[in-house]
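Structural overview for review
Each chain, written out:
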Amino acid sequence: RKMYAPKHARQTFTISKSNTKIRHGVSKAETQWLDRLNVPERSKLMRGFNGKIMIIDGYDPVHRIAFEYNGDNFHGSHKSYPTKRNEIIPWLNKTPNQLYGTTIERYNFLYSMGIKVFFVWESEYKAGKTLGRFYRGPGDNLY
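Residues numbered from 1 in each chain as written. Predicted model: local features only at pLDDT ≥ 70, side-chain atom pairs only at ≥ 80, totals over all residues. Heavy atoms only, no water.

1. Digging into helix α1 (residues 28–36)
- Of all the positions in α1, only A29, E30, W33 and L34 are classed as buried. Along the long axis of α1, the arc covered by the buried residues comes to 135°, so they all point the same way. For α1, the exposed residues lying more than 90 degrees away from the buried face are K28, Q32 and R36.
- Just downstream of α1, N38 is the residue with a positive phi angle, here 55°. (Buried < 20%, exposed > 50% of the residue type's maximum accessible area, 1.4 Å probe, protein only. Helix = DSSP H or I, 4+ residues; strand = E, 2+ residues; numbered from the N terminus. Arc of directions from axis to C-beta.)

Spelled out as structure tokens, the structure:
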């Protein structure tokens, strides 16, 4: 497993809610991005996504904005996997298409609750191309 794991250091912590423990990893780049945007709440718990607890990276309760930093490997970036969209990633046991589909489902769920989603792809942020953009609703692709 270690040979497939990302090489950058991740801060991990455990959140306990209703006797449910959730491990949540936070990368240095994600922390820098949220700091740059002055996001007031970090690692916000939300209930109801496929009957599970969902953690969003950041949240602004005044404007009802969720902030999501999409790691290329964990969200099935088209740039990281341009030709191997249906091949299983061994250390995640899912395909990039499945990961991308789950990300779209998360965004649609938040959108349906009236929460705006502001997101960025890891590769675009690190390249200095953008700070992110808002998800426009069902039918919007993330590129």
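Now that the structure has been shown, we can carry on.
2. Focus on the pairing of strand β5 (residues 65–70)
- With 6 of 6 residues buried, β5 is to be regarded as a mostly interior element.
- Both faces of β5 are covered, namely the face carrying I65, F67 and Y69 and the face carrying A66, E68 and N70.
- In terms of strand pairing, β5 meets strand β6 (residues 116–121) through 6 bridges, oriented parallel. When the sheet's bridge partners are listed, E68 is paired in β6 with F119.
- With helix α2 (residues 96–112) bridging β5 and the parallel β6, this β-α-β connection has right-handed handedness. (Pairing = 2+ DSSP bridges. Right-handed = clockwise from strand over helix to strand, strands pointing away.)

3. Concerning the environment of N70
- Here N70 shows up in strand β5.
- Put simply, N70 and F119 are 49 residues apart on the chain and 7.0 Å apart in space, counted from C-alpha to C-alpha.
- The contact partners of N70, leaving out residues within four places of it in the chain, are H75, T103, Y107, F119, V120, W121, E122 and L142. (Contact = heavy atoms within 4.5 Å.)

4. Brief notes about the nonpolar core
- I56, L110, Y135 and L142 are the most contacted members of the largest nonpolar core, which has 16 residues in total.
- Contributions of two or more residues to this core are made by β4 (52–60), α2 and β6.
- Per element, the largest residue contribution to this core is 5 residues, and it comes from α2.
- The next biggest cluster of nonpolar side chains, apart from the first, holds 10 residues, and it includes W33, L34, V39 and F67. (Core = buried A, V, L, I, M, F, W, Y, C linked by side-chain atoms within 4.5 Å.)

5. Thoughts on α2
- If you check α2, its first and last C-alpha atoms are 24 Å apart, about what 17 residues at 1.5 Å a residue would give, namely 24 Å.
- Taken together, the buried positions of α2 are occupied by P96, L99, Y100, T103, I104, R106, Y107, F109 and L110.
- Phi turns positive, to about 80°, at G114, one or two residues after α2. (Expected span 1.5 Å × (residues − 1).)

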